[in-house]
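Examining the three-dimensional arrangement
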Amino acid sequence: MLKKNSVHKVEITDINNLGYGVCRIEGIVTFVAGAVTGDTLKVRIIKSTKNYLVARIEEILSPSSHRIPSDCPLFPKCGGCVYRHISYDYEKELKREYVQSAFHKAGVEAEIASVTSDQRISGYRNKVQYPVGSNGEIGYYRTKTHDIIECESCPLEEPMLGEVKKFISDHIKAQGIDCLRHIYLRCGAATGEIMVCLVSEKNSFPGLEILADEVCTRFENVKCFALNVNDRDTNVILGDKTYILRGNNYIEDELLGCRFRISPMSFYQVNHSMTELLYSKVIELCGLKEGETFIDLYCGCGTIGLCVASRAKTSSLLGVEIIPEAIENAKVNAALNGIENAEFICGDAASASLRECDCVILDPPRKGVAESLINELCDSGIKKIVYVSCNPDTLARDCALFTEKGYELSTVYPFDLFPRTGHVENVVCLRRN
């Protein structure tokens, strides 16, 4: 076994979606944080195991043609981004290769399209969740730790959110407030409306009402000021109870001409312009004709299903979601957009009773779709399934099960909703043979 702290000259041959360059030292696979394909480096081994090594860069002897200077002073200490040190064109290549590799490992033959992007790599996030430390630190977690790095502004977030965060953080530091766990902010990219949600261990604290008044006075776009209570020992950010202190219990935004109300607990994509491109592809792949019906599983507040329904006005829509608050939002959103042939029910998608329909839309969490639901979908004889996924590995795994049961894949379409990070969204259509 190679010794820890030994120094070696290496050539980086690849880079993974965690931002680690890959090389071999004496035949052993070695991962090097911050290294780029094509780099020639002097590295020091910091971890040695039987099957792999981890090393850090001691010196860049010859930089890769893909390497660029980082534009963020917190990179790579902050764990939010992994690709700030490479060109964006190369990042898109890597993401396509990641999707291709996931399908290859799952044993599924698939054509992978080039990555769709609007080329906007900064200021795209409409949702941020800043952890708050016991000593008043506010920022983001250091890579692979729960240590908080103070952050004045993040290049990924909508600039207006950074201004609200700074005002709140200055206030809670000045007042010595020590019960907050997160500052959670959202904004409507099309409307400019802002939601402020403080996540606290307590349902009240001194100065809360004053803070709510000052934030709403200072920032007229704040249309919802909420307090979420989470007193559990958990990594889950939000608790079960949310109290609206000022304004509405939602903000509004628009997607593809549809109006949506979004509550603190509702899922909503973080990149507005790329979401519109993604949903346009979903509408295309659904290809619904007059009189056809569809089901939107994991529907959240109804965004995908209602955007599809607005284009196929005579189709009926059934949406299923496990979060009650999101279902209430979905019902209101259907009414807001004059879509009368939509029904939304609260329940687990894996246990939902599937009725005869022409198409099913799946947009599950990162863990993918339960095998029991895949079996039920296949047994139901549904001809077309449009699957949206934020995790190429679970998407490929699930597509392997669908293909075993007689479904064929369309081209897989990657969409870069999360530039500079290792994540990539995908959509694929599965058709029954």
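For the structure itself, look to the data block above.
Summarised in this report is the structure supplied together with it. The residue numbers shown here count from 1 along each chain, following its written sequence. At least 70 in pLDDT is required for a residue's local features to be given in this predicted model, at least 80 for side-chain atom pairs to be given and counted, and no such filter applies to totals for whole chains, interfaces and linings, which use all residues. Excluding hydrogens and water, the side-chain values take into account all heavy atoms of the structure.

1. Re helix 8 (residues 392–404)
Only DSSP runs of H or I reaching four residues or more are called helices, and only runs of E reaching two or more are called strands; each is numbered from the N terminus. Expected helix span is taken as 1.5 Å per residue step, with the number of steps being one fewer than the number of residues. Here helix 8 contains 13 residues, and its C-alpha end-to-end distance of 18 Å stays within 8% of the 18 Å for a straight helix at 1.5 Å per residue. Burial here depends on accessible area, computed with a 1.4 Å probe over protein chains only, as a share of the maximum for the residue type. Under 20% is buried, over 50% is exposed, and the range in between is partly exposed. Burial in helix 8 covers these residues: Pro392, Thr394, Leu395, Ala396, Asp398, Cys399, Ala400 and Phe402. Here a residue-residue contact requires only that any non-hydrogen atoms of the pair lie within 4.5 Å. Contact partners of the buried residues in helix 8: helix 1 (88–105), strand 19 (359–362), helix 7 (371–380), strand 20 (384–389), strand 21 (407–409) and strand 23 (425–432). Side-chain atoms alone can form a polar contact between residues adjacent in sequence; in general such a contact is a pair of N or O atoms within 3.5 Å, and within protein one must be able to donate a hydrogen while the other accepts it. Its side-chain oxygen at 3.0 Å from the backbone nitrogen of Asp393, Asn391 defines the N-terminal cap of helix 8. Gly406 sits one or two positions beyond helix 8 and adopts a positive phi of about 100 degrees.

2. Side note on the pattern of salt bridges
Here a salt bridge means any side-chain nitrogen of Lys or Arg lying within 4 Å of a carboxyl oxygen belonging to Asp or Glu. Using the criterion set out here, one finds 20 salt bridges in the structure. The salt bridge involving Arg120 is made with Glu158; its shortest N-O contact spans 3.9 Å. Taken together, the residues Arg120 in the loop between helix 1 and strand 7 (127–131) and Glu158 in the loop between strand 9 (148–150) and helix 2 (159–175) connect sequence positions 38 residues apart. A relative accessible area of 33% places Arg120 in the partly exposed class. For Lys331, the salt bridge is made with Glu328, and the minimal N-O distance between the two is 3.7 Å. Placement of the pair is Lys331 and Glu328 together in helix 6 (residues 324–336), with a separation of three residues, close to one helical turn. For Lys331, a relative accessible area of 40% translates into the label partly exposed. Each member of the salt-bridge network shares a partner with another, and the members are Glu91, Lys95, Asp416 and Arg420.

3. Examining empty space enclosed by the protein
Computed over the protein atoms alone on a 1 Å grid, cavities are sets of points where a 1.4 Å probe fits but cannot get out and pockets are open sets with protein on both sides within 12 Å along at least five of seven lines; a residue lines them when it has an atom within 4 Å of a point. Grid points are joined across faces, edges and corners, and a volume is the space filled by probe spheres set on the points. A full pass over the atoms with the stated rule returns one cavity of 30 Å³ or more. In this structure, the largest cavity spans a volume of roughly 40 Å³. Every residue along the wall of the largest cavity is listed here: Phe267, Tyr279, Tyr298, Cys299, Thr303, Ile304 and Asp363. Split by residue class, the lining of the largest cavity holds five nonpolar, one polar and one charged. Just so you know the grouping, Ala, Val, Leu, Ile, Met, Phe, Trp, Tyr, Cys and Pro go in nonpolar, Asp, Glu, Lys and Arg go in charged, and all remaining residues, Gly too, go in polar.

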